[in-house]
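Here is how the chains run, residue by residue.
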Amino acid sequence: AGVAAAVIILTAGGGFGFYASKAAAYNDAFLPNTTINGMDVSGKDAEEVKAMIEEEIAGYEIAVLERTEAGETIKKEEIGLHSVFDGSLETIIAEYKFY
């Protein structure tokens, strides 16, 4: 009976160790199934998400079609579009309760 109890305790401890190691992997990253602005950011840290957002707006353009079928394209630089990060990505990660 003592051996069986020891095996059960070791097995339970091993399960917690596995859980703790998996939880620690998200210490500085977004949890699985997390989306921001329609982008899957699961497992990514704040800097990776910022790079994804920057890449997303890098080629941003607005196409304006006129009734005469002539058109014009307005690029992000012309309207002053740029990213501003306020620390909220880091705050979200810091507020996760892993254990």
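On a predicted model such as this, the values are computed, not experimentally measured, just so you know.

1. Digging into unusual backbone geometry
- With a phi angle near 65°, Asn33 is a residue other than glycine that sits in the positive phi range.
- Here Asn33 shows up in the loop between helix 1 (2-24) and strand 1 (35-36).
- You can call Asn33 exposed: its relative accessible area is 76%.
- Here Asn37, not a glycine, exhibits a phi torsion of approximately 50°, which is positive.
- Among the secondary structure elements, Asn37 is positioned in the loop between strand 1 and strand 2 (39-40).

2. Here's the deal with the side chain of Thr34
- Positionally, Thr34 belongs in the loop between helix 1 and strand 1.
- From its side chain, Thr34 meets the backbone oxygen of Leu31 in a polar contact 2.6 Å long.
- In contact with Thr34, not counting residues within four places along its chain, are Met39, Asp40, Val41, Ser42 and Tyr96.

3. Description of the pairing of strand 4 (residues 71-75)
- Two strands pair when backbone bridges link them, and strand 3 (residues 61-65) and strand 4 are joined in this way by 5 bridges, in the antiparallel orientation. Note that in strand 4 the partner of Ile62 across the bridge is Ile74.
- Remark: 5 residues form the turn of the hairpin made by strand 3 and strand 4, two consecutive strands paired antiparallel; Glu69 in that turn has positive phi of roughly 70°.

4. Description of the environment of Leu31
- Mapped onto the fold, Leu31 is located in the loop between helix 1 and strand 1.
- Taking the C-alpha atoms as reference, Leu31 lies 5.9 Å from Gly43; in sequence the two are 12 residues apart.

5. Some details on a nonpolar patch on the surface
- A cluster of nonpolar side chains, contributed by Tyr60, Ile62, Val64, Ile79 and Leu81, occupies part of the molecular surface with about 370 Å² of accessible area.
- Locating Ile79 in the fold gives a position in helix 3 (residues 76-79).
- The exposure class of Ile79 is partly exposed, given its relative accessible area of 47%.

Procedures and definitions
Residues numbered from 1 in each chain as written. Predicted model: local features only at pLDDT ≥ 70, side-chain atom pairs only at ≥ 80, totals over all residues. Heavy atoms only, no water. Helix = DSSP H or I, 4+ residues; strand = E, 2+ residues; numbered from the N terminus. Buried < 20%, exposed > 50% of the residue type's maximum accessible area, 1.4 Å probe, protein only. Polar contact = N/O pair within 3.5 Å; in protein donor to acceptor, adjacent residues only side chain to side chain. Contact = heavy atoms within 4.5 Å. Pairing = 2+ DSSP bridges. Patch = residues over 30% accessible without salt bridge, like charges linked within 9 Å, V, L, I, M, F, W, Y side chains within 5 Å. Areas by Shrake-Rupley, 256 points an atom, 1.4 Å probe, with all protein chains shown as cover. Salt bridge = Lys/Arg side-chain N within 4 Å of Asp/Glu carboxyl O.

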